[in-house]
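A closer look at the structure
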Amino acid sequence: MSFKKSKLDLLIRVRYSNPLPSPPCPPKLLNIPTDPKRYARPEFLDDIATSMPLPMVVDGELGMPLDLSQWDCLWEENGDDSELNPDPNRPSKIDPRDQFMLGDPASTAAPFLGPVASGASTPLAAMPNVPWLRKTEYLSREGSSRASLSQDLKQNQDNAIDISRDAQLRDIEASFAAVENSDLASLRHPTKPELTAVETFEIFPDAEIWANAYDLFRFSERPGDRPLDVEDPRLDCAVLRPMEADGDHFLAYYLTKEDEDAIEFKTNRLARSPDDPPEDEPTLFHFVRDYETVKVEQEVPNEFLLVLDDGMSNDDDFDTKKSRPKGAYYKNIERKMLLKKKRVNTYESYGDKWDVVRLTHTPMSTEEAQEREEALAEVVDPLFPLARGDADADAEGEVDESHGLNGHGDPSGVNGTRHEIVDAVDVFGEE
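Residues numbered from 1 in each chain as written. Predicted model: local features only at pLDDT ≥ 70, side-chain atom pairs only at ≥ 80, totals over all residues. Heavy atoms only, no water.

**Some details on the pattern of salt bridges**
Per the stated rule, a full pass over the model turns up 22 salt bridges. Residue Glu297 pairs with Lys336 through a salt bridge whose shortest N-O separation is 3.7 Å. In this pair, Glu297 sits in strand 5 (residues 283-297) while Lys336 sits in strand 8 (residues 335-341), placing the two residues 39 residues apart along the sequence. The exposure class of Glu297 is partly exposed, given its relative accessible area of 23%. The exposure class of Lys336 is buried, given its relative accessible area of 12%. (Salt bridge = Lys/Arg side-chain N within 4 Å of Asp/Glu carboxyl O. Helix = DSSP H or I, 4+ residues; strand = E, 2+ residues; numbered from the N terminus. Buried < 20%, exposed > 50% of the residue type's maximum accessible area, 1.4 Å probe, protein only.)

As structure tokens, this is what we get:
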């Protein structure tokens with residue numbers, strides 16, 4: 001009996017590429033009645049550029065001929081291979097033209113400037129002036145900073161920096177005094193000298209949103225189905241739902257049907273308290289399309305959520321909380337993701353696809369409220385660093401005590417019987 005083997009019995013899914021062919025004729029200037037921003041990105045020509053063959057004439061030796069007949073030791077038995085394997089204790093004489101290749105690039109001149117004389121050294125590498133390799137906005141800045149960089153290096157090597165705790169406190173207090181005594185008109189923008197400071201704000205952590213985790217999503221194109229010149233208030237309250245299909249992970253994007261639904265949802269969200277009961281009618285979010293992640297940054301140290309608060313309460317504002325002092329309130333960003341549209345595949349099977357999401361407000365549970373209070377204590381409780389240190393010390397003491405019970409970390413009886421782990425959640429914790 002013969003069995004017919006299916007072509008789909010493979011370990012991985014077969015994917016066939018369908019690249020765009022090269023244009024059959026030279027490019028022309030065509031008047032296309034559409035938004036030119038869609039065609040102004042250079043990434044659209046990457047596939048054509050990679051598929052274009054380069055006119056390079058390369059021989060069989062790839063331009064580097066190697067004649068092995070010059071070394072007799074390769075063809076004679078028990079030959080002298082000292083020419084191929086020199087003695088490290090007696091190095092051979094180096095040609096002066098090749099001397100620069102053995103030096104440190106940071107302390108020697110560039111190779112095309114000629115060899116460096118003996119005993120001469122420069123603190124910085126002599127960089128060539130190649131303006132077409134750099135952006136024009138950096139040319140003037142680089143020329144002025146190159147001369148001052150060598151002087152700063154010499155000064156930093158001579159001056160010892162005090163990094164003790166008392167020195168850090170002294171420097172921090174001196175920074176506040178420098179701001180109080182400085183004139184705002186003398187402060188200028190580092191890259192735009194025509195801009196001057198007009199007002200100062202004290203920087204505080206935003207306690208109102210500190211317990212929340214925020215991710216920054218950037219789209220390759222504007223989401224939704226509206227043109228760029230049309231305002232879309234629905235984009236402020238979209239829903240992103242993680243999805244999985246055939247081993248691929250992506251995000252499903254949902255929006256409201258009408259602008260009024262999005263505006264009403266944002267208004268109710270600002271007016272509600274976390275302890276309020278659920279709404280009578282849920283807000284409907286309809287599926288738009290799928291997006292796949294291009295790049296994920298787990299750490300975002302240089303981007304923050306910043307709110308400039310003048311300290312004046314507004315009666316028309318929906319927020320009924322007490323007004324806080326004037327200042328700039330910040331919150332860090334947990335992750336940053338770059339999304340692009342996912343190609344629609346009619347043969348792809350979804351595990352759990354939703355066409356409509358009915359969104360309502362749910363009160364927090366006891367565990368969620370406790371977790372929120374612990375995260376908020378980081379910026380509200382002045383004794384939080386001491387409490388965290390005591391908690392770490394207590395945890396280490398408990399571990400040491402558990403290891404001292406029977407010599408094996410077993411808190412069981414005298415007979416040494418161990419408790420059985422019922423679930424993997426006991427070991428790794430619930431995700």
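And the narrative resumes.
**Some details on the environment of Thr267**
Following the sequence through the fold, Thr267 ends up in helix 4 (residues 259-271). A distance of 2.8 Å separates a polar side-chain atom of Thr267 from the backbone oxygen of Ile263. (Polar contact = N/O pair within 3.5 Å; in protein donor to acceptor, adjacent residues only side chain to side chain.)

**Quick look at the nonpolar core**
With eleven residues, the main nonpolar core is built from Cys237, Val239, Met243, Ala245, Phe250, Ala252, Tyr254, Ala262, Phe265, Phe285 and Val357. If we skip the residues at most four places from it in the chain, Ala245 touches Phe250, Glu348, Ser349 and Tyr350. Judged by nonpolar contacts, the second largest core, of six residues, contains Leu251, Tyr253, Met337 and Leu339. (Core = buried A, V, L, I, M, F, W, Y, C linked by side-chain atoms within 4.5 Å. Contact = heavy atoms within 4.5 Å.)

**Some words on a nonpolar patch on the surface**
On the surface, Leu66, Leu68, Leu74, Trp75 and Leu84 cluster together to form a nonpolar patch covering roughly 530 Å² of accessible area. For Leu74, the location among the structural elements is in the loop between helix 1 (46-51) and helix 2 (136-158). Residue Leu74 is classed as partly exposed on the basis of its relative accessible area of 43%. (Patch = residues over 30% accessible without salt bridge, like charges linked within 9 Å, V, L, I, M, F, W, Y side chains within 5 Å. Areas by Shrake-Rupley, 256 points an atom, 1.4 Å probe, with all protein chains shown as cover.)

**Concerning the environment of Gly311**
Its place among the elements puts Gly311 in the loop between strand 6 (304-309) and strand 7 (327-332). Residues Gly311 and Gly327, 16 residues apart in the sequence, show an inter-C-alpha distance of 7.4 Å. Residues in contact with Gly311, not counting those within four places in the same chain, are Ser323, Arg324, Pro325 and Lys326.

**Regarding the side chain of Asp232**
Locating Asp232 in the fold gives a position in the loop between strand 2 (215-219) and strand 3 (239-245). A distance of 2.9 Å separates the side chain of Asp232 from the side chain of Arg234, its partner in a polar contact.

**A word on the sheet that holds strand 1 (residues 203-205)**
The three strands lie next to each other as 1-7-6, forming an open sheet whose pairing is mixed. The sheet terminates laterally at strand 1 and strand 6, the two strands that pair on one side only. On average, each strand axis in the sheet is tilted by 30° relative to the strand beside it, whichever way the strands run. Taken together, the three bridges between strand 1 and strand 7 define a ladder with parallel strand orientation. Residue pairing for strand 7: Ile203 is matched across the bridge by Ala328. (Pairing = 2+ DSSP bridges. Axes fitted to C-alpha atoms, helices over the stretch in contact; angles between N-to-C directions.)

**Observations concerning a negative patch on the surface**
On the surface, Asp72, Glu76, Asp80, Asp81 and Glu83 cluster together to form a negatively charged patch. With respect to the helices, strands and loops of the structure, Asp81 is situated in the loop between helix 1 and helix 2. Relative accessible area serves as the criterion here: at 37%, Asp81 is assigned to the partly exposed category. (Lys, Arg positive; Asp, Glu negative; His and termini not counted. Charge placed at Lys NZ, Arg CZ, Asp CG, Glu CD.)

Honestly, it's all geometry; don't read function into it.
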